[in-house]
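# Examination of the molecular architecture
The residues making up each chain are set out below.
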Amino acid sequence: QVQLVESGGGSVQAGDSLRLSCAASGGTFRSLVVAWFRQAPGMEREFVATHRSLGLGKSTTYADSVKGRFTISRDNVNNIVYLQMTNTKPEDTAVYHCAAGRSWGSEDSKYEYWGQGTQVTVSS
């Protein structure tokens, strides 16, 4: 069983940067696909980014709304996933959730393990 705990959320001004972290424990983290999703008030949960390790390389995918602004990365030694957010916009305001699973994709059904989330608020 994998436990995920997010941190790093907060309130920022539009255009600012923010880095979210997700600490994983309790499982074989390196073999899992990891992802970030977000959910704004009154909205459905939305895919943000996903990352999988491929031998010495990696593969990442981003939602069009964050492409070029957000970067997902992972530290397989310390079992942490990061989401670096730059040039933030008010529409990025949401609760951000870290997820992990054995399947690759942008659908939340692909991921078995979820964190509780961290709030990000971007003011104009």
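Look a little higher up for the structure.
Now for a quick tour of the structure. (Residues numbered from 1 in each chain as written. Predicted model: local features only at pLDDT ≥ 70, side-chain atom pairs only at ≥ 80, totals over all residues. Heavy atoms only, no water.)

Attention now goes to the sheet that holds strand β7 (residues 70-75). Spatial strand order, β1-β3-β8-β7: four strands in an open sheet with antiparallel pairing. The open sheet has two edge strands with one neighbour each: β1 (3-7) and β7. Geometrically, the sheet is characterised by an average inter-axis angle of 15 degrees between neighbouring strands, direction not taken into account. Here β1 runs beside strand β3 (residues 18-25); their pairing, made up of five bridges, is antiparallel. Directly across from serine 7, in β3, lies its bridge partner serine 21. (Pairing = 2+ DSSP bridges. Helix = DSSP H or I, 4+ residues; strand = E, 2+ residues; numbered from the N terminus. Axes fitted to C-alpha atoms, helices over the stretch in contact; angles between N-to-C directions.)

Turning our eyes to something else, we now look at the packing of aromatic side chains. This model, assessed by the stated rule, comprises three aromatic pairs. On the basis of an interplanar angle of 70 degrees and a centroid distance of 5.7 Å, the ring pair of phenylalanine 37 and phenylalanine 47 is categorised as edge-to-face. Placement of the pair is phenylalanine 37 in strand β4 (residues 33-39) and phenylalanine 47 in strand β5 (residues 46-54), with a sequence separation of 10 residues. Residues phenylalanine 37 and phenylalanine 47 agree in their burial class; the two are buried. Ring geometry for phenylalanine 37 against tyrosine 111: centres 5.6 Å apart, planes inclined by 70 degrees, an arrangement best described as edge-to-face. Taken together, the residues span a long stretch of sequence, with phenylalanine 37 in strand β4 and tyrosine 111 in the loop between β9 (94-101) and β10 (113-114) at a distance of 74 residues. What makes phenylalanine 37 buried here is its relative accessible area of 1%. Each residue in the set Phe37, Phe47, Tyr111 and Trp114 is aromatic and connected to the rest through ring pairs, giving one cluster. Directly above the aromatic system of tryptophan 114 lies the positively charged group of arginine 45, at a separation of 3.9 Å from the ring centroid. Between the NZ or CZ atom of arginine 74 and the centre of the ring of phenylalanine 29, over which it lies, the distance is 4.6 Å. (Phe/Tyr/Trp six-rings, centres within 6.5 Å; stacked < 30°, edge-to-face > 60°. Buried < 20%, exposed > 50% of the residue type's maximum accessible area, 1.4 Å probe, protein only. Lys NZ or Arg CZ within 6 Å of the ring centre and 35° of its normal.)

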